[in-house]
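An overview of the molecular structure
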Amino acid sequence: MTALDRPYWIEARIERHDGWDDEAYPFNLPAVRGLHSLAFHPSVTFLVGENGSGKSTLIEALAVAWGFNPEGGGREHRFGTRDSHSPLHRFIRPIRSPQRVQDGFFLRAESFFTVATYLEGARASRFGAKGLHEQSHGESFFALFDNRFIGDGLYILDEPEAALSPSRQLSFLAKLHELVLARSQLIIATHSPIILGYPDAWIYQVSEHGIDRVDYEDTDHFQVTRNFLNRREAMLEILLDRDDLNPR
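This write-up is about the structure you can find in this document. (Residues numbered from 1 in each chain as written. Predicted model: local features only at pLDDT ≥ 70, side-chain atom pairs only at ≥ 80, totals over all residues. Heavy atoms only, no water.)

What follows deals with the overall build of the protein chain. For the protein chain, the helix and strand inventory stands at 8 helices and 9 strands. Relative to its full complement of 248 residues, the protein chain shows a buried share of 50%. Here the contacts in the protein chain between residues at least 6 apart in sequence split such that 73% fall between residues at least 24 apart. Total accessible area on the protein chain stands at roughly 12,700 Å², and carbon and sulfur atoms take up 48% of it. (Helix = DSSP H or I, 4+ residues; strand = E, 2+ residues; numbered from the N terminus. Buried < 20%, exposed > 50% of the residue type's maximum accessible area, 1.4 Å probe, protein only. Contact = heavy atoms within 4.5 Å. Areas by Shrake-Rupley, 256 points an atom, 1.4 Å probe, with all protein chains shown as cover.)

Quick look at the structure:
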């Protein structure tokens, strides 16, 4: 098996037409305001950033612009519990490769319960032998990822680590690599320095300054985690002000 040499989704172009308002959400987000295009790696592209930076808003818009259901699922799935997604997808034009994508899924942590309920109600079978709601959150999340994602596909994931322990995140990396070798392209928003460690991926860091491609070691997620692990006692002294917590 070999990875793709050209992505299914080459580039997302931002087209500012009627309805775009620089002063209103989500167009006023720094990650969106100055964005004109976003190119994707043939294998794995990551979006990282602090809570509220706009990375989940952006990845949701990318998924809907490609044709996925806003709450998650495959392109064939159409359901909804609350129409809360932003209008940003209407201003994104996907530049697609001529090669045909065979599979796809939008998986997001915050609406996984709804997706699992829909799949069980629709009698979907591509999530393993055990019902998704009969497993723990992490087990069911990984079961869907392990059984439903079959390759030759475009997969968009929003914070998959939310349901996964560190050891399961390592298993996720192994499955991620299997999918890459099965001619898949993945676009992932994550906070996990473990998942971010996948080699040769493109990483876009979203911040108050906009969106920039960075190296793994230059991400805030890597640096904060490394500093804490290497200087735990010193950082805890500062963060917890332990003299106040242990009065004499």
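Taken in spatial order, the 3 strands line up as 2-1-4 in an open sheet, and their pairing is antiparallel. Among the strands making up the open sheet, the edge pair consists of strand 2 (37-39) and strand 4 (92-96). Each strand axis lies, on average, 20° off the axis of its neighbour in the sheet, ignoring direction. Lying on the sheet, helix 2 (residues 55-66) is in contact with strand 1 (9-14), strand 2 and strand 4; it crosses strand 4 at an angle near 65°. (Pairing = 2+ DSSP bridges. Axes fitted to C-alpha atoms, helices over the stretch in contact; angles between N-to-C directions.)

One can describe the packing of helix 6 (residues 220-230) onto helix 7 (residues 232-240) by two numbers: an axis separation of 5 Å at closest approach and a directional angle of 100°. It follows from the interaxial angle that helix 6 and helix 7 lie roughly perpendicular. Contact with helix 6, carried on its side by Asn227, Phe228, Leu229 and Asn230, involves Arg232, Met235 and Leu236 of helix 7 and no other residues of that element. (Parallel < 35°, antiparallel > 145°, perpendicular 65-115°, else oblique.)

Let's shift gears to the sheet that holds strand 3 (residues 44-49). Taken together, the 6 strands give an open sheet; going across it, the order is 5-6-7-3-8-9, and neighbouring strands pair in mixed fashion. Here the strands that pair on one side only, and so sit at the sheet edges, are strand 5 (103-108) and strand 9 (210-214). For this sheet, the mean angle separating the axes of adjacent strands, direction not counted, is 15°. Here 4 bridges tie strand 3 to strand 7 (residues 185-189), and the two strands are oriented parallel to one another. Bridge pairing in strand 7 links Leu47 to Ala189. Here helix 2 sits on the sheet in contact with strand 3, strand 5, strand 6 (153-158), strand 7, strand 8 (202-207) and strand 9, set at roughly 150° to strand 6.

As a further point, take the pattern of salt bridges. Following the criterion strictly, the structure yields 7 salt bridges and no others. Note that Glu11 is salt-bridged to Arg13, the shortest N-O span being 3.2 Å. With a relative accessible area of 17%, Glu11 lands in the buried category. On the accessibility criterion, Arg13 (33% relative accessible area) is partly exposed. In this structure, Asp103 engages Arg148 in a salt bridge whose closest nitrogen and oxygen atoms are separated by 2.8 Å. With a gap of 45 residues between them, Asp103 in strand 5 and Arg148 in helix 4 (residues 137-148) connect regions that are remote in the sequence. For the pair formed by Asp103 and Arg148, the shared burial category is buried. (Salt bridge = Lys/Arg side-chain N within 4 Å of Asp/Glu carboxyl O.)

Okay, the environment of Arg148 next. On the accessibility criterion, Arg148 (5% relative accessible area) is buried. Taking the C-alpha atoms as reference, Arg148 lies 9.5 Å from Asp103; in sequence the two are 45 residues apart. A distance of 2.8 Å separates a polar atom in the side chain of Arg148 from a polar atom in the side chain of Asp103. Polar side-chain contacts of Arg148 include one of 3.2 Å to the backbone oxygen of Gly104. (Polar contact = N/O pair within 3.5 Å; in protein donor to acceptor, adjacent residues only side chain to side chain.)

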